[in-house]
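Results of the structural survey
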Amino acid sequence: MDKSSKTHETQVYPDDIPDGGAVVGEKDGTMDDVKDMQRMGKEQQFRRNFGFLSIMGFAMILMSTWESQLGTAGFALGNGGTAGIVYMYIACAIGMSLNIVSMAEMASMAPTAGGQYHWVSEFAPRRAQKFISYFIGWVCVLGWQAGSASSVFLAATEIQGLLVLNYDSYVYKYWHGTLLTIAITLVCGFFNTVLAKRLPLVEGLVLFLHIAGFFGILVPLWVLAPRTPSKQVWTVFEDANGWGNIGLACLVGMNSPVLSLLGADAATHMSEELKNASKILPRAMVFTAIFNGALGFIMVITFCYTVGNVEQVLSTPTGYPFIQVFYNATQSKGGATAMVSIMIALSTFGAMTNMATGSRQIFAFARDRGVPFSSWFAHVPEGWDIPLNGVIFTVAVSCLLSLINIGSQIAFNQLTSLGLCALLSSYIVSISCMALKRIRRERLLPSKFSLGRYGLAINLLSVGFLLLAFVMIFFPPGPNPTPQTMNWAVLVYGGVVIFSLTYYVFRGRFRYAGPVEYVRKMV
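Small disclaimer: the values here were computed from a predicted structure and weren't measured.

**Structural notes on the state of the cysteines**
Evaluated as defined, the whole model comprises 0 disulfides. You can see C250 has no disulfide; the closest cysteine sulfur is in C92, sitting 11 Å from it. A relative accessible area of 7% means that C250 is categorised as buried. There is no disulfide at C304, and the cysteine sulfur nearest it, in C250, is 12 Å away.

Here it is, written out as C-alpha cells:
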C-alpha cells in the first residue's frame, strides 16, 4: 500500500451512490464491491463466489442454533431446569437479535473481512482508534481460534458418546477424543484448502441438511418420546448445581442460549468473497438470526417436553443428555444412532465454517500488520484465492489445543467460554463506538441496511445485554469449584490481553496503523 493513500483526514462520507449491483467480474464482484474496497483502501485478493443462499447457509451452519441447544442442554438443565431453559432462551434471543441487527448495519457500512476491529477503527473516537482497534483485533483472533477448536472437539466427543451408546465394552478415554479431534480438524482443513472453491456449493447443500436434519430429529421426538407435563416444563426451575438462588442459576445457564445464538457475524469475515456484500451481507445476517432463532426455539420446547427424567438424563454415560433423550424416545440404539449421526455431521460442517471464519479474520488483521509474522499470514498464494497460511495456522492451533483434553476434558471445555467472552467483548466495543457516534450526532457512513431513528436505542440495549452475558460467562458451573472444575477462561483471556498489550508497547504500535488510516475518499 502506497503511504500516500493514508488519508484519515479525508475519511469518506459519500452522498448516496447509484445502485452498483451490476457484476463487474467473478473476482471483483459488483461496482458497489469495487467502491467499498477502494474506500477502505484494500486490494481485492479473494474470488467473490458467495451469493445470498450460500453465505446464509454459511452463517446458519456456523450458528447451528438448534444443534448447539441440544449439545449444551446438560449445562442449562443443571442451571435453571426446563423452565430456565425456555425463558432464558427467549430473553437471549431478543438480546442477541439486537446485537445482530446492530452489527448488520455496520457490516453494510464497511463490508470487510476484518469485521469488528475494522469497524472500531472507523467508528471509535479519533484518539482511541488505533489502540482499541488493535485490542479488538487480538480479541477476535482469540475468539475465532478458540471457537474453531471447540467446535471440532464437539463433533469428536459426540462420536465418543455414540460409541458409549452402542458398545458396552467401550471405555471412554480422553485421548480418544483428542485423536478424533485431530482427524476431524484435518478433514475440515482439506475442505478449506483443496476444496475451497467448492465451499459455497457445500454450504448450500449443508443448509439443506441443517433444515432436513432438524425435522429428522424433531419428528421422532414428537411421535415416540414420553411427554413431560406442561406445568413442569413452564414452571419448574432447577438449581442442581447448588447456587442457592434460582435467578442466579438461570443467569449462569444463559451461556447455553448465548452460545447457540452467537456467530451471525461470521458472514462478515467472508464479505470479501461475497457479491454485492453491502446489500446481501446484512440481509443474510438478519435472515440467519430469524430462521435459526425460530428453529432453536422449537427444538428447545421439544427437548423440554421430551426430556423425561432429568436426573437420569444428566447422569448419562454418553456425556451428552440429548443422546440419552434420543435413546429413551426411540428405545432403539439404531434409531438413536441415526439421529446422533445427523448431529455429528452438522457439528463437523459447523467446525468447517468456523475454520474458514478464523482463517479470514487473522488474515485481515495480519493485512493491517496487527500480528507477528504479518506478511506470512496475509499472503494469498496465486491460484488459491484463499488465505492458505491462515487456514494452516487455524488447523495447527486446533490440533495443539486438542492435546489439553488428554489431561482434562473440563479444561478443554473452557475453550467454549473463552471463545464466547472474546467475541462478546468485540461486539460490546464495536457497538458502543457506533452508539457514541449517534450520541455525538456525528455523520454515519451510508448504509443499505439502516436502523434509522431506532439505532441508538437498539445499540444501547444491545450493549446492556452483552455486558450481562459477558459477566456470566466467567462463572464456574457451580458455587464451589475445584481446580478441575473452575472456569479458567478469565485467566486465558487475561493472558492473551496482557500478551497483546505487551506486543503493542514494544512492537505493535510502531507497525500497526489501523484500517482507518488506509481509508480513501471517494469522489
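Moving on from the coordinates now.
**Regarding the packing of helix α15 (residues 321-330) against helix α16 (residues 333-367)**
For the pair α15 and α16, the least separation of the axes is 8 Å and the interaxial angle reads 145 degrees. Handedness of the crossing formed by α15 with α16: right-handed. Facing α15, whose interface residues are F322, I323, F326, Y327 and T330, α16 presents K333, G335, A336, M339, V340 and M343. Considering only residue class, the contact of α15 with α16 consists of 8 nonpolar, 2 polar and 1 charged.

**Looking at the packing of aromatic side chains**
Applying the stated criterion across every chain, the model contains 27 aromatic pairs. For the ring pair Y172 and Y174, a centre distance of 6.3 Å and an interplane angle of 85 degrees mean the geometry is edge-to-face. Where F191 meets F349, the ring centres are 6.5 Å apart and the plane angle is 75 degrees; that geometry is what we call edge-to-face. Here F349 lies in helix α16 and F191 lies in helix α8 (residues 174-191), a separation of 158 residues in the sequence. F191 sits in the partly exposed class, given a relative accessible area of 22%. One aromatic cluster is present, formed by Y117, F131, Y134, F365, Y504 and Y512 through successive ring pairs.

**Description of the side chain of Q361**
Its place among the elements puts Q361 in helix α16. Other than its neighbours up to four places away in sequence, Q361 contacts A113, G114, Y117, G137, C140, V141, W144 and H269.

**Brief notes about the pattern of salt bridges**
The tally for this structure, following the rule as stated, stands at 8 salt bridges. Where K448 meets D32, a salt bridge forms, and the shortest distance between an N and an O atom there is 2.2 Å. Taken as a pair, K448 in the loop between α20 (409-439) and α21 (455-473) and D32 in helix α1 (residues 31-40) lie far apart in primary sequence, 416 residues in all. Judged by relative accessible area, K448 falls into the partly exposed class, the value being 42%. In this structure D32 comes out as buried when scored by relative accessible area, which is 7%.

**Side note on the side chain of R48**
Here R48 shows up in the loop between α1 and α2 (52-63). A polar contact of 2.6 Å, which involves the side chain of R48, links it to the backbone oxygen of L274.

**Considerations on unusual backbone geometry**
Its identity is not glycine, yet S64 carries a phi of approximately 40 degrees, on the positive side. Relative to the assigned elements, S64 resides in the loop between α2 and α3 (65-71). Unusually for a residue other than glycine, N276 sits at a positive phi of about 55 degrees. Among the structural elements, N276 can be located in the loop between α12 (255-260) and α13 (277-306). For N276, a relative accessible area of 11% translates into the label buried.

**Considerations on α1**
For α1, a buried count of 7 out of 10 residues is recorded, marking the element as mostly surrounded by other parts of the structure. Listed in full, the buried residues belonging to α1 are D32, D33, K35, D36, M37, R39 and M40. Contacts from the buried residues of α1 go to β2 (29-30), α5 (81-109), α6 (116-123) and α13.

**Remarks on the nonpolar core**
Within soluble globular proteins, side chains that are nonpolar tend to cluster in buried spots. Core analysis: the largest hydrophobic core is formed by 154 residues, its most contacted members being W66, I217, F326 and Y493. If we ignore the near neighbours within four places in the chain, the residues touching I217 are W66, L70, M299, F326, M339, I342 and M343.

**Quick notes on helix α11 (residues 246-253)**
Within α11 the residues assigned to the buried category are A249, C250, V252 and G253. Down the axis, α11 shows its buried residues gathered within 160 degrees of arc, on one side only. Elements in contact with the buried residues of α11: α4 (73-78), β3 (79-80), α5, β4 (238-239), α12 and α21.

Conventions used here
Counting from 1, residues in each chain are numbered in the order their sequence is written. Only residues with pLDDT of 70 or above have their local features reported here, since the model is predicted, and side-chain atom pairs are shown and tallied only from 80 upward, although totals for entire chains, interfaces and linings are computed over all residues. Processing note: side-chain calculations cover all non-hydrogen atoms of the structure and skip hydrogens and water entirely. Here, two cysteine sulfur atoms that lie within 2.5 Å of each other are counted as a disulfide. A simple rule labels every residue: compare its accessible area, found with a 1.4 Å probe on the protein chains alone, to the largest value its type can have, and call it buried under 20%, exposed over 50%, or partly exposed in between. Structural elements are reduced to axes, namely lines fitted to C-alpha atoms, with helices fitted over the stretch in contact, and the angle between N-to-C directions of any two is expressed from 0 to 180 degrees. Strands here mean DSSP runs of E at least two residues long; helices mean DSSP runs of H or I at least four residues long; both are numbered from the N terminus. Each helix crossing is assigned a hand: it is left-handed if the near helix lies turned anticlockwise from the far helix by less than a right angle, otherwise right-handed if that turn is clockwise. Residues are treated as being in contact if the distance between any of their heavy atoms lies within 4.5 Å. Amino acid classes used here: Ala, Val, Leu, Ile, Met, Phe, Trp, Tyr, Cys and Pro are nonpolar; Asp, Glu, Lys and Arg are charged; the rest, including Gly, are polar. For this analysis, a ring pair means two rings from Phe, Tyr or Trp (six-membered ring only for Trp) whose centres lie within 6.5 Å, classed as stacked if their planes differ by under 30 degrees, edge-to-face if by over 60, and tilted for the remaining angles. Think of a salt bridge as a Lys or Arg side-chain nitrogen and an Asp or Glu carboxyl oxygen that are within 4 Å of each other. Polar contact is defined as a pair of N or O atoms within 3.5 Å, subject to the rule that within protein one atom must be able to donate a hydrogen and the other to accept it, and that residues adjacent in sequence are counted only when both atoms are side-chain atoms. The term nonpolar core refers to a set of buried residues drawn from Ala, Val, Leu, Ile, Met, Phe, Trp, Tyr and Cys, joined through side-chain atoms within 4.5 Å. The arc in question is traced by the directions running from the helix axis to the C-beta atoms.

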